[in-house]
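# Coordinate analysis (summary)
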Amino acid sequence: MFRIVKKNILNETTDHITVEAPLIANKAKPGQFIILRTDEKSERIPLTIAGYDKEQGTISLIYQKIGHSTKALGALMEGDAILDLAGPLGKPTALDGYTKVAVVGGGLGCAIAYPQAKYLFDHGCDVTVFAGFRSREHIILEQEMKACCSHLHVLTDDGSNGNKGLVTDGLRGCIQQGETYELVIAIGPPMMMKFVSLLTKDFGIKTFVSMNPIMIDGTGMCGCCRVTVGGKIKFACVDGPDFDGHAVDFDELMRRNRMYLAQERGPGRDEHCNLLKQSVTITQD
Amino acid sequence: MANMQKNKVPMPEQDPKIRIENFQEVTLGYNDEDAMLEAQRCLQCKHRPCVSGCPVNVQIPAFIHAVEKGAFNEAYQIITETNSLPAVCGRVCPQESQCEAKCVRGIKGESVAIGRLERFCADRHREQANNQPITQQTRASNGKKVAVCGAGPAGLSCAGDLAKLGYEVTVFESLHTAGGVLQYGIPAFRLPKDIVDYEIQQVKNLGVNIQLNTIIGQTLTIDDLFELGYGAVFIGSGAGLPAFLGIPGENSCGVYSANEYLTRVNLMKAYLNEYDTPILRSKHVAVVGGGNVAMDAARCAKRLGAETVSIVYRRSEEEMPARREEIHHAKEEGIRLQLLTNPVEIFADENGNVTSMRCDVMTLGEPDASGRRRPMPTGEQMTLQVEAVIIAVGTTPNPLIRMTTPGLETNQWGCVETSDGVTTSREGVFAGGDAVTGAATVILAMGAGKEAAQAIDTYLKSKEQQG
């Protein structure tokens, strides 16, 4: 059992928890994830490690209460325990050796992008963060991100924070103003990662994206998380989760993520989940 | 007086029409009379050919003789001297190519039902034991720690034997449940999970500690284990990485590896409504492959409500590697065998959902390296209208341990190299089961686990003598 030592409710759909998991905290690196099972009847769900404290022996996780199993997780309070937690899984993001990087996070993807931005910034890299949210109420980790980058651009779809736009708009603007990035890290809904990758391809900027397919074991056993990268089958759990954004077949990823949509139980389930959206209005200026 | 009936005493089974709607065990086992009658068919051959066919050398004529006398507990003790998972092996061993293949009675009629008798002894013992309190059989510790990676058949048998020798054994298991393929792979209708749980409890009763949710190669490395004070490590991590066909359309929605499909059903209980696990309940399903895993997947699909399930296999029925009993049961349940058929492309609709699979029609040519006649395309093609395709064409060892263990030699298929079957290129590291051989059987993995336990004991003792 893995005890929840701290729980912050970030907004109506998003929680931030700190969980006792000393072995995982000891090994975790940016970009890696865990798989947890809230109780006996829950699914195994992959969540990226949002932070880790080797001394305290804890990891932190940020999740959206959008499906049956994440809602069950969201029902746990401080002091409660998660039945199963395994990790760290996947390969860490290769972050060493860069001097100027743009980190692009979309919604909950910011929870994954944050430790990467922090690692880069702590290692002397010039970091620009573009963080996109649906509206002002959905903004998470703003202070944390501000503390670990040189420039922070927070954008909202509806402009309710006074800065309307998509992350692609923000990134394009900076590139067009002459900013040069050695690397762009894009983490968020597949549709967002797809369009960031299309943009950076035009400008010839190396781009990492973090895959979020459906998984079961997370150790290479089931092959459920396979993605096509450069025409080849890769398992996101052991070969990734990071891949070259210019080589990933995002449309296939989005189709596979929708595979069980018809089986979703109860009204309103997943209405908030951008992972499953097939169409997003992209403003091309 | 021997029972000279040519055929085995039949074992009662659930009616196929009823069993395709449940996940309860298909075969119901012998009662005392059936077992004693079948035991009388054994000729008690002095040269014991059956024993030579058993990877763990179960003393077959001796235990059958005890069954014949009605000394069922004695029979169980004889079996468990060499086989720590008899209820499992009696159900899933390929007896027809092992012990029963060598049985003299098989020359003129059916061999003695060794598997059924083994299962009978284990089940009868368990029924009795379930009525008694659990007794810890912990032996005095010799103070030496051994780590076992993987709580499948190889790891559990290695751990059990080491515990009996006095070692403090910790088994590290990546999933949330111990048992490996016995849990996630083999369906409950062939191997009920309470039997697996019981056998695991037996290993725990020996004092073995099982640490779940711990992935060797990620959570801890082999080098970490030595730093933590383990004197030796056994790798029994199996062959869990699924192979795909490499044909167009294979990433369409509705294409599963058998590992994924079976894990959703068996480990994650997708067939029970109270579990959250989703699975496609498709009307028309194709399963590609001809082994036990293909049969298991096909029969699960049937139980999940499929109207047609086709086993698509590129050779003929004779070459199928599955146990004969599984093929027989599958056919009884209405599974179609689509033989001499090899998939070439999977088609999907605009949402990516599978709609059909195009296949080459094959014919058999000259024998290939495996000794089986090589399937060759005839030039003809056919199309199956299916909404789900389950790929059951084999698995290879998981790469996580080899990627994180410097100096551990592996071959071109990713199998751990050993000098004598169990000793690896890294000092103090031993391996066995599918991690060494590639995908094989439960009993071979158990045999390797036992062998490794002996090798580890010898190694640690010699190291102690060297001081």
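Residues numbered from 1 in each chain as written. Chains lettered and ligands numbered in written order. Predicted model: local features only at pLDDT ≥ 70, side-chain atom pairs only at ≥ 80, totals over all residues.

The secondary structure content of chain B amounts to 17 helices and 15 strands. Taken over the C-alpha trace, chain B has a radius of gyration of 23 Å; the compact-globule value for 467 residues is 23 Å, and the two agree within 12%. Projected onto the principal axes, the alpha-carbon positions of chain B cover approximately 65 × 60 × 50 Å. Counting over 467 residues, chain B shows a buried share of 54%. Sequence-distant contacts in chain B: of pairs separated by 6 or more residues, those separated by 24 or more amount to 70%. (Helix = DSSP H or I, 4+ residues; strand = E, 2+ residues; numbered from the N terminus. Rg over C-alpha atoms; globule rule 2.2 N^0.38 Å. Buried ≥ 20, exposed ≤ 12 C-beta atoms within 10 Å, placed from the backbone. Contact = placed C-beta atoms within 7 Å.)

Bringing the domain arrangement of chain B into the picture now. Residue and element names in this part refer to chain B. Here chain B is partitioned into domain 1 (16-129), domain 2 (145-240 + 396-466) and domain 3 (246-393). One C-alpha centre belongs to domain 2, the other to domain 3; they are set 31 Å apart. Each partner contributes residues to the interface: domain 2 has 11 residues there, and domain 3 has 10 residues. (Domains from an automatic or database assignment.)

We now examine the sheet that holds strand β10 (residues 151-156) of chain A. Two modes of strand pairing occur in sheets, parallel and antiparallel, and in both the strands are linked by backbone hydrogen bonds. All names here are of chain A. Strands sit in the order β10-β9-β8-β11-β12-β15 across an open sheet of 6 strands; the sheet is mixed. Each edge of the open sheet carries a strand with a single partner, namely β10 and β15 (242-244). Each adjacent strand pair in this sheet contributes to an overall mean axis angle of 20°, direction not counted. The sheet strands contacting helix α3 (residues 109-122) are β8 (100-106), β9 (126-133), β11 (183-187) and β12 (206-210), and the helix crosses β8 at an angle near 165°. Sheet strands touched by helix α5 (residues 167-176): β8, β9 and β10. Its angle to β9, the strand with the most contacts, is close to 150°. (Pairing = 2+ DSSP bridges. Axes fitted to C-alpha atoms, helices over the stretch in contact; angles between N-to-C directions.)

Quick look at the pairing of strand β1 (residues 145-149) of chain B now. All names here are of chain B. Most of β1 is tucked away, with 4 of its 5 residues classed as buried. When β1 meets strand β2 (residues 168-172), the two strands line up parallel, connected through 5 bridges. Counted as the bridge partner of K145 is E168 from β2. Here 4 bridges tie β1 to strand β4 (residues 232-235), and the two strands are oriented parallel to one another. By the bridge assignment, C149 is partnered in β4 with I235.

The next thing to look at is the interface of chain A and chain B. Across the contact, 33 residues belong to chain A and 31 residues belong to chain B. Counting residues per element, the ones that place at least two in the side of chain A that touches chain B are α1 (22-27), α2 (68-74), β7 (84-89), β13 (226-229) and α8 (250-257) of chain A. The leading source of residues in the side of chain A that touches chain B is β7(A), at 6 residues. Looking at the side of chain A that touches chain B residue by residue, the class counts come to 14 nonpolar, 9 polar and 10 charged. (Nonpolar A, V, L, I, M, F, W, Y, C, P; charged D, E, K, R; others polar.)

Let us now look at unusual backbone geometry. Cis geometry marks the peptide bond from G87(A) to P88(A), where omega comes out at -10°. Positionally, P88(A) belongs in strand β7. For the peptide bond that leads from G240(A) to P241(A), omega is 15°, which places it in the cis range. Unusually for a residue other than glycine, Q44(B) sits at a positive phi of about 55°. Here Q44(B) shows up in the loop between α2 (32-39) and α3 (49-52). Of note in this structure, L340(B) is not a glycine but carries a positive phi near 50°. Its location among the elements puts L340(B) in the loop between β9 (336-338) and β10 (341-348).

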